[in-house]
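A look at the structure
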Amino acid sequence: MMVSHRVRERRTRRLSYVEPDLVASRLLNRGQSTVLPVLAIIVGCTLVAAPLQTVLAFNALATGLYVLAFIYGIYLVQRSLAQPGMIRVGDALARALADADLPICTILVPAYREPEVIARVIRSLESLEYPRDRLDIKILLEEDDHVTIEAARRARPEPHIELLEIPLGLPRTKPRACNYALRFARGELVTIFDVEDRPDPLQIRRAVAAFQRVDRSVVCLQAKLSYYNARQNLITRWLTVEYASWFSMLLPALAAQGLPVPLGGTSMYLKRTVLEAIGGWDAFNVTEDADLGIRLHRMGYRTAVLDSTTYEEATSDFVNWIKQRSRWYKGYMQTWLVHSRHPRRLWQELGPTGFLSFHLTIGATPLVPLINPIFWLLTLLWTVGHFPFIEILFPPWLYYPGLLCMVFGNFMIIYANILGARMGGYPDLLGAVLLAPIYWIMMSIAALKALFQLIRVPNFWEKTTHGLDGQPSPEVSLAVD
Amino acid sequence: MQSTSALPGRVAVATPRFTLPAVTEGAAIFWLALTGYLAVAVLLVFGANIVQADALSRVGNAEYVLFSRDPHLAAIGFVWSPLPSLLMLPLLPFKLIFPQLVQLGFAANIVSAVSMGGAVYLTWRILNDLAIARPWRLILTLLFAIHPMIIFYGANGMSEALFLFFLILSVRFLMAWLRTGRLEWQVYAGLALGGAYLCRYEALPAGLGALAVVAIVSWMRGQANREQRLVTALCDAAIVGAPFALAVAVWAVASYIIVGHPFEQFASIYGNDSQMRTLSLGHSSADVLGALVQVLALQPLLIAAIAFGGLRAARRRDLRVLAIIAVLVPVLLFAGWARSNGTIAPWLRYFIAVIPLAVLMAGFAVGEAGETIGRLGLRGRLKTSLKVAAVMSVAVAVAASAAAMTDPSVAPEEGHELSYLTTGGQVSADQERAARRFVTERAIAAYLDGLHLPRGSVLVDSFLGYAIVLSSTRPEQFVITSDRDFKQAIADPSGTGVQYILVPRERGLASLDAINRAYPTMYESGAGIGYLVSEFPNVGDGADWRLYRGSAG
């Protein structure tokens with residue numbers, strides 16, 4: 001398909017035309033690039049003129065952030081305990097929908113340099129219990145990724161699975177590919193699956209049934225994500241607990257309370273017309289899912305959580321984990337910077353609670369692991385030898401809240417993860433939860449890497465290697481046709 | 001409420017009549033109980049000078065945090081659980097308007113009245129959850145609320161009220177979990193148990209009981225796969241146990257960091273073990289029979305209530321009865337065991353948990369409303385008579401414990417002061433002294449206040465001297481145990497600015513007084529560091545005090 005460069009750009013970067021200021025192509029907009037240096041200069045001056053007061057001020061800000069995050073965490077956990085907040089559609093109900101009533105669903109499966117797993121994904125898609133003629137599956141392959149294209153062709157996919165080649169362009173990211181494919185999407189619903197995903201076969205049916213049930217403002221249904229190699233090693237266990245807490249507990253609480261919901265990377269079911277109207281995905285954002293969730297909320301649309309699970313592959317080695325996690329943190333930082341560009345508009349669009357929730361969910365998530373090591377170090381120094389400078393840094397009005405956050409805040413995180421593991425059906429991962437402090441150290445390393453990448457290569461999408469679960473291609477249950 | 005206008009063509013307009021906001025039954029019960037206990041508290045403290053030593057001591061802990069010479073949070077003390085004192089902290093600033101909050105320790109009475117009101121409300125709530133018919137529900141709640149032990153401990157400022165509140169709260173949450181299996185109730189049950197631990201250490205057996213029930217029931221309810229079942233049960237127990245474990249751990253760690261030992265209750269010289277040894281209460285206390293008598297004094301027909309309730313619950317396969325048994329029975333068993341080997345003193349209040357146990361079990365015996373309607377046959381009448389019997393067994397307790405509490409042989413702690421109230425004519429020497437408790441200490445405080453001494457001039461161990469410090473209008477003139485330089489002050493009084501030393505006569509618990517331990521001849525002759533200024537023989541049941549003035553050198 002030969003298209004002119006200009007047309008291609010418009011397709012992949014449609015957000016730049018719809019909402020130019022919400023694109024992460026520039027990390028800082030004009031307002032931010034003036035304000036930030038000015039702030040830096042002011043801080044520098046105060047640091048020189050009154051060093052102790054400045055450090056105390058930073059300490060106060062950090063402690064304030066911890067306290068806010070602590071209260072926010074308790075609030076979300078309590079809300080999720082009180083009401084589950086997920087939409088359940090039973091198997092019988094899902095199957096009861098007549099084929100003729102089912103809308104066409106576009107499934108985008110972006111792949112890049114993954115010849116080993118491409119065969120798997122084709123088999124996995126065939127397990128979906130949805131009529132073939134209502135599925136519009138597009139496997140998105142980069143134009144120059146000949147290895148994967150060849151492997152995909154060799155796997156001989158069914159006619160309803162289309163191999164779409166994405167023309168070259170920058171930035172080479174998943175959302176850019178998805179934006180391009182959106183132009184060719186036929187479905188009423190659009191969703192994304194990753195290459196290694198194993199969705200619940202009835203998932204699309206459940207989504208359709210759920211859409212019939214919810215308010216018209218709900219244009220997105222996020223299914224739960226989990227991992228099929230949950231117990232492979234400690235890292236996968238940690239990841240599984242994290243996902244369980246996030247998708248079974250926190251995300252439904254956010255959705256139920258009408259707060260902005262950052263989406264997961266796959267298995268979100270969006271109404272195509274709305275998606276196109278709001279500009280598709282942000283090609284420059286490395287966590288385009290979180291960004292889309294916030295943008296949806298800002299435009300007045302809502303997301304709900306669907307009680308249906310897609311199983312992904314958890315990264316099982318340390319280096320890959322750091323790559324993935326630093327990308328997530330970098331993306332959250334990008335998302336936070338982008339959406340903070342016009343604070344007054346953000347306040348109006350999200351409302352006061354949504355505004356606060358946005359900052360605590362998107363802003364605090366990468367920020368807290370960055371400042372944690374400082375406080376850990378101070379605590380360690382204090383325990384080992386009661387250095388007087390630490391006592392000066394922590395006057396009683398900072399010391400007690402800080403102590404409270406350290407003891408009860410950390411307990412709350414671990415406890416919430418136990419609850420999440422239990423809710424998600426993984427009670428045996430209790431041991432991994434108790435080892436969480438090591439995981440926190442890893443998170444801080446990833447956050448630091450994210451910060452560096454943010455400054456140097458903000459739009460660089462660091463690819464996670466898949467197929468490391470050491471499993472042979474699974475026997476996927478044959479689809480009921 | 002509608003009032004249609006009589007004029008044709010007019011639209012009917014709804015004009016609501018003014019009505020009082022609906023007062024729910026539960027709210028009414030809480031407020032009635034609270035008011036009642038506060039009224040009794042006022043009578044006890046202001047009318048009869050019945051102030052519990054332990055209660056005043058807890059007020060002292062709170063006072064030292066805020067108003068002592070060295071205010072700091074750790075002054076709350078690590079020998080006893082902190083929560084009752086922490087709850088008093090917000091009340092203390094009001095002592096500027098009502099000095100009696102501190103001088104007579106009324107702050108403690110307020111906290112216990114509110115807690116016991118809460119406990120009564122929770123009992124009503126549980127009976128409500130059991131769907132008992134309204135008359136029975138109200139009768140049982142009343143029998144709980146007017147039980148003399150409950151009234152007394154609701155009014156007298158001791159921590160039993162707060163402890164019962166948290167225990168009954170955990171029972172309620174556990175019952176909700178047993179019925180619905182929802183995660184929510186597990187979490188709150190764990191939190192309630194943690195709260196109970198921060199009131200009294202006897203919550204430990206209650207926590208273990210709750211954990212056992214959660215683990216077993218979760219295991220029984222589990223799915224087929226054996227390993228998964230076990231792990232799920234463990235996880236469920238962890239969810240209940242974690243907040244509880246946190247309370248234990250945080251308190252132990254804080255204690256370790258500040259005073260050097262994680263369990264001050266046992267290690268401290270002021271703690272339970274030390275006091276028991278000093279008073280040689282161990283031997284007289286070590287009788288199981290005595291314990292049994294006390295339990296039965298509080299709830300004579302306890303066995304009947306448990307039996308009836310247990311039977312009814314078993315027949316209906318109602319697991320909720322396990323919540324009551326798992327939380328309350330271990331507390332009693334522990335108290336009985338500790339009594340039998342002389343670890344704890346023979347105080348009646350250690351068995352207070354038997355009262356909610358009996359009332360709630362009677363609630364089970366009464367059963368759901370509407371169960372016996374239409375059953376007028378033998379079975380129906382049997383059921384009704386069982387109900388009545390269960391309720392009577394609780395009612396009898398009211399009279400029995402009133403008698404028990406005024407008998408010093410059954411209630412060694414409060415027997416004297418309460419019997420003073422009830423004896424018409426002859427009063428014994430013990431009763432007289434109980435009636436004049438803390439009078440001397442207040443006089444000492446007034447005397448010292450009159451000397452207008454500078455900060456930190458009077459050294460006293462607040463272990464026994466708390467009443468003096470609290471009655472004073474100038475608490476900062478004292479150097480007390482919770483001050484961070486207390487040990488220095490004892491070692492070198494004049495060097496730290498101390499001019500006067502208050503020391504109690506070495507008898508009974510006063511041998512644990514820090515000054516007596518450091519200077520054994522202090523009371524007798526001034527230990528060569530001071531000369532006698534004034535002597536205060538105690539007219540009440542406290543120690544005799546002597547005031548020494550430091551001599552130079």
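Residues numbered from 1 in each chain as written. Chains lettered and ligands numbered in written order. Predicted model: local features only at pLDDT ≥ 70, side-chain atom pairs only at ≥ 80, totals over all residues. Heavy atoms only, no water.

Phi is positive for A:Arg113, close to 55°, though the residue is something other than glycine. Secondary-structure assignment places A:Arg113 in the loop between strand E2 (105-111) and helix H6 (118-126). Taking relative accessible area as the criterion, A:Arg113 reaches 60% and is therefore assigned exposed. A positive phi angle, close to 50°, is found at B:Ala527, a residue other than glycine. Here B:Ala527 is to be found in the loop between helix H26 (522-525) and strand E4 (530-536). (Helix = DSSP H or I, 4+ residues; strand = E, 2+ residues; numbered from the N terminus. Buried < 20%, exposed > 50% of the residue type's maximum accessible area, 1.4 Å probe, protein only.)

Residue and element names in this part refer to chain B. Relative to each other, helix H22 (residues 439-450) and helix H23 (residues 462-471) sit at 50°, their axes nearing to 8 Å. Taken as axis vectors, H22 and H23 run oblique relative to one another. For the crossing formed where H22 meets H23, the hand is right-handed. Between H22, through Glu 441, Arg 442, Ile 444, Ala 445 and Asp 449, and H23, the contact on the second element is made entirely by Ala 467, Ile 468 and Ser 471. Along the lines of polarity and charge, the residues of the contact of H22 with H23 split into four nonpolar, one polar and three charged. (Axes fitted to C-alpha atoms, helices over the stretch in contact; angles between N-to-C directions. Parallel < 35°, antiparallel > 145°, perpendicular 65-115°, else oblique. Left-handed = near helix turned anticlockwise from the far one by under 90°. Contact = heavy atoms within 4.5 Å. Nonpolar A, V, L, I, M, F, W, Y, C, P; charged D, E, K, R; others polar.)

Turning our eyes to something else, we now look at helix H18 (residues 354-366) of chain B. For an α-helix, 3.6 residues make a turn, and residues three or four places apart therefore share a direction. With 13 residues, H18(B) should reach 18 Å at 1.5 Å per residue; the first-to-last C-alpha distance of 18 Å fits that figure. B:Gly367 lies just past H18(B) and shows a positive phi near 80°. (Expected span 1.5 Å × (residues − 1).)

Take the confidence of the model for chain A next. The predicted coordinates of low-pLDDT regions are not to be read in fine detail. Averaged over every residue, the pLDDT of chain A is 88; the share at 70 or more is 93%. Taken together, the stretch residues 471-481 of chain A has pLDDT below 50 and engages in 14 contacts with residues farther than four places along the chain or on a different chain. (pLDDT = per-residue confidence, 0-100.)

With that out of the way, let us pick up the side chain of A:Lys330. The topology assignment puts A:Lys330 in helix H13 (residues 318-339). A distance of 2.8 Å separates the side chain of A:Lys330 from the side chain of A:Gln453, its partner in a polar contact. (Polar contact = N/O pair within 3.5 Å; in protein donor to acceptor, adjacent residues only side chain to side chain.)

Residue and element names in this part refer to chain B. Looking at chain B as a whole, the pLDDT averages 87, with 92% of positions reaching at least 70. Note on residues 1-7: pLDDT under 50 across the span, and 12 contacts to partners over four residues away in sequence or across chains. Among the prediction metrics, the complex's ipTM stands at 0.88, with pTM recorded as 0.89.

Take the nonpolar core next. Soluble globular proteins: nonpolar side chains tend toward being buried together. Core analysis: the largest hydrophobic core is formed by 219 residues, its most contacted members being A:Trp321, A:Leu419, B:Val171, B:Ile324 and B:Leu502. Of all the elements, helix H8 (residues 160-180) of chain B adds the most residues to this core, at 14 residues. Residues in contact with A:Trp321, not counting those within four places in the same chain, are A:Ile235, A:Leu239, A:Thr315, A:Tyr439, A:Met442, A:Met443 and A:Ala446. Among the nonpolar cores identified, the runner-up in size contains 38 residues, and A:Leu128, A:Ala155, A:Phe193 and A:Val195 belong to it. (Core = buried A, V, L, I, M, F, W, Y, C linked by side-chain atoms within 4.5 Å.)

For the rest of this paragraph, the subject is the sheet that holds strand E2 (residues 478-479) of chain B. Residue and element names in this part refer to chain B. Judged by pairing direction, the sheet is mixed, and its five strands sit side by side in the order E2-E1-E3-E5-E4 without closing on themselves. A strand with exactly one partner marks an edge of an open sheet, and here the two such strands are E2 and E4. Across five bridges, strand E3 (residues 500-504) lies against strand E5 (residues 545-550) in antiparallel orientation. Considered in E5, the bridge of Pro 504 is made with Trp 545. Sheet strands in contact with H22 are strand E1 (458-459), E2, E3, E4 and E5, and its direction is about 130° off that of E4. (Pairing = 2+ DSSP bridges.)

Our focus in this paragraph is the environment of B:Phe244. Residue and element names in this part refer to chain B. Here Phe 244 lies in helix H11 (residues 226-259). Residues Phe 244 and Ala 192, spaced 52 residues apart in sequence, show a C-alpha to C-alpha distance of 8.1 Å. The contact partners of Phe 244, leaving out residues within four places of it in the chain, are Gly 190, Leu 193, Gly 194, Tyr 197, Ala 203, Leu 204 and Gly 207.

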